[in-house]
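Chain by chain, the residues:
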Amino acid sequence: ITVQPSAIQIRKPNEYAQLIITAKLADGTLADVTRMAKISLQSGAVVETSQRGLVRPSDDGKGVLQIAFMGNSANVPVEVSGMKQPLKPDYVRDVMPVLSKLGCNMGTCHGAKDGKAGFKLSLRGYDPLFDVLAFSDELASRRANVASPEHSLMLLKASGAVPHEGGQLTVPGELYYESIKAWISQGTRLDIATPKVQRIEVFPKNPVVGKIGARQQMRVVATYADGYTKDVTAEAYLDSGNMD
């Protein structure tokens, strides 16, 4: 078996890494086994892994992920730092992708031409200034309450604490909730000059799914204008160009 990435370095509380575990079969073909392999932390309690192979940081330090499948194994060294630092999300880089992933600015929700339920956002976040003003200035700043972030409507509705037609999208303690809360508590700032995504890469390259019903885990990595790279798999949208 082979694992991508072969080593993991996480330097911020809101970073993570998506594993892709590939098995080479006896006939030479390749098959994705990410969700079938056993993933365990051999040393150091520095990360947590999901059933889908998403690795999130939990504490500073170093460790080794051990991946096992059908008698074969591989090790992935992990290094985590920056977990003692407070979360300082940037609106364009960190908050806007969360709002898009939660569906807030979709055309079927607040990104509609006339908005929804009296609240309008730009479609897919194409106008961040308009959106930040809608959160921070409209409705007497109730949507983003800097004085009491946890009482902000954008958190109360998203967490289901108050009625929300879109349902419960996140809960306190989750990264998306905490990112939005931290952004509000730090003054709902918008830095238009924030380096934006220049390109994304999708892994693996040109995969072959050999059987109907088989799965292929994807990994999406974004590169920003300042050279910073980040795994954005959880926030990315993947759609088929050929549904058949």
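See the structure printed just above.
Residues numbered from 1 in each chain as written. Predicted model: local features only at pLDDT ≥ 70, side-chain atom pairs only at ≥ 80, totals over all residues. Heavy atoms only, no water.

Enquirer: Which parts of the structure should I look at to understand the sheet that holds strand S12 (residues 219–224)?
Expert: Whenever strands of a sheet pair, they do so through backbone hydrogen bonds, lying parallel or antiparallel. If you walk across this open sheet you meet the three strands as S11-S12-S13, and the pairing is antiparallel. With one partner strand each, in any of the chains shown, strand S11 (197–203) and strand S13 (229–231) form the two edges of the open sheet. Neighbour-to-neighbour, the strand axes of this sheet turn through a mean angle of 25 degrees, independent of strand direction. As judged from the six bridges shared by S11 and S12, these two strands associate in the antiparallel manner. Counterpart to phenylalanine 203 in the pairing with S12 is arginine 219. (Pairing = 2+ DSSP bridges. Helix = DSSP H or I, 4+ residues; strand = E, 2+ residues; numbered from the N terminus. Axes fitted to C-alpha atoms, helices over the stretch in contact; angles between N-to-C directions.)

Enquirer: I'm lost on the packing of helix H1 (residues 91–102) against helix H4 (residues 175–185) in this one. Help?
Expert: When two helices pack together, their arrangement is given by the angle between their axes and by how far apart the axes lie. Running from N to C, H1 and H4 point in directions that differ by 135 degrees, and their axes come no closer than 10 Å. Between H1 and H4, the angle is such that the two are oblique. Remark: the crossing between H1 and H4 carries left-handed chirality. Seen from H1, the contacting residues are Tyr91, Val95, Val98, Leu99, Lys101 and Leu102; seen from H4, they are Tyr176, Ser179, Ile180 and Trp183. Of the residues assigned to the contact of H1 with H4, the class counts are eight nonpolar, one polar and one charged. (Parallel < 35°, antiparallel > 145°, perpendicular 65-115°, else oblique. Left-handed = near helix turned anticlockwise from the far one by under 90°. Contact = heavy atoms within 4.5 Å. Nonpolar A, V, L, I, M, F, W, Y, C, P; charged D, E, K, R; others polar.)

Enquirer: Honestly, the pattern of salt bridges in this entry has me stumped. Any pointers?
Expert: Two side chains that carry opposite charge are able to pair once their charged atoms sit near each other. For the structure shown, the criterion picks out eight salt bridges. With a closest N to O distance of 3.8 Å, aspartate 60 and lysine 84 form a salt bridge. A residue pair is termed long-range when its members are at least 10 positions apart, and aspartate 60 in the loop between strand S8 (54–57) and strand S9 (61–69) and lysine 84 in the loop between strand S10 (72–80) and H1 qualify at 24 residues. On the basis of relative accessible area, aspartate 60 is assigned to the partly exposed category, the value being 27%. (Salt bridge = Lys/Arg side-chain N within 4 Å of Asp/Glu carboxyl O. Buried < 20%, exposed > 50% of the residue type's maximum accessible area, 1.4 Å probe, protein only.)

Enquirer: It is not clear to me how the sheet that holds strand S7 (residues 47–49) should be interpreted in this structure. Could you clarify?
Expert: Strand order in the open sheet formed by three strands is S3-S8-S7, and the pairing between neighbours is antiparallel. Single-partner strands in this sheet number two, and they are strand S3 (17–18) and S7. Summarising the sheet, S7 and S8 pair through three bridges and their orientation is antiparallel. Bridge pairing in S8 links glutamate 48 to arginine 56.

Enquirer: Mind showing me how you'd approach the packing of aromatic side chains here?
Expert: For any pair of aromatic rings, the description rests on two quantities: the centre-to-centre distance and the angle between the ring planes. In this structure the tally under the stated criterion is four aromatic pairs. Taking the centre distance of 5.0 Å and the plane angle of 40 degrees together, the rings of tyrosine 91 and tryptophan 183 count as tilted. Taken as a pair, tyrosine 91 in helix H1 and tryptophan 183 in helix H4 lie far apart in primary sequence, 92 residues in all. In this structure, tyrosine 91 and tryptophan 183 share a single accessibility class: buried. Members of the aromatic cluster, connected to one another through ring pairs, are Tyr91, Phe119, Phe135 and Trp183. When the ring centre of tyrosine 237 is taken as reference, the NZ or CZ atom of arginine 124 above it lies at 4.7 Å. (Phe/Tyr/Trp six-rings, centres within 6.5 Å; stacked < 30°, edge-to-face > 60°. Lys NZ or Arg CZ within 6 Å of the ring centre and 35° of its normal.)

Enquirer: Any chance you could explain the environment of alanine 7 here in plain terms?
Expert: With respect to the secondary-structure elements, alanine 7 resides in the loop between strand S1 (2–4) and strand S2 (8–10). Between the C-alpha atom of alanine 7 and that of proline 77, which follows or precedes it by 70 residues, the distance is 5.1 Å. Once residues lying within four places of it in the same chain are set aside, the contact partners of alanine 7 are Val76 and Pro77.

Enquirer: Honestly, unusual backbone geometry in this entry has me stumped. Any pointers?
Expert: The general pattern is negative phi for most residues beyond glycine and trans for most peptide bonds. With an omega of -5 degrees, the peptide bond running from glutamine 4 to proline 5 counts as cis. Looking at where proline 5 falls in the secondary structure, it is placed in the loop between S1 and S2. Here phenylalanine 203 and proline 204 are connected by a cis peptide whose omega angle stands at 0 degrees. If you trace the backbone, proline 204 turns up in the loop between S11 and S12. Of note, the phi angle at asparagine 206 is positive, near 50 degrees, even though the residue is not glycine. The exposure class of asparagine 206 is exposed, given its relative accessible area of 74%.

Enquirer: How do you make sense of a nonpolar patch on the surface when you look at a structure like this?
Expert: Residues Leu129, Leu133 and Ile192 make up a contiguous nonpolar surface patch of roughly 270 Å² in combined accessible area. Within the secondary structure, leucine 129 sits in helix H2 (residues 128–136). (Patch = residues over 30% accessible without salt bridge, like charges linked within 9 Å, V, L, I, M, F, W, Y side chains within 5 Å. Areas by Shrake-Rupley, 256 points an atom, 1.4 Å probe, with all protein chains shown as cover.)

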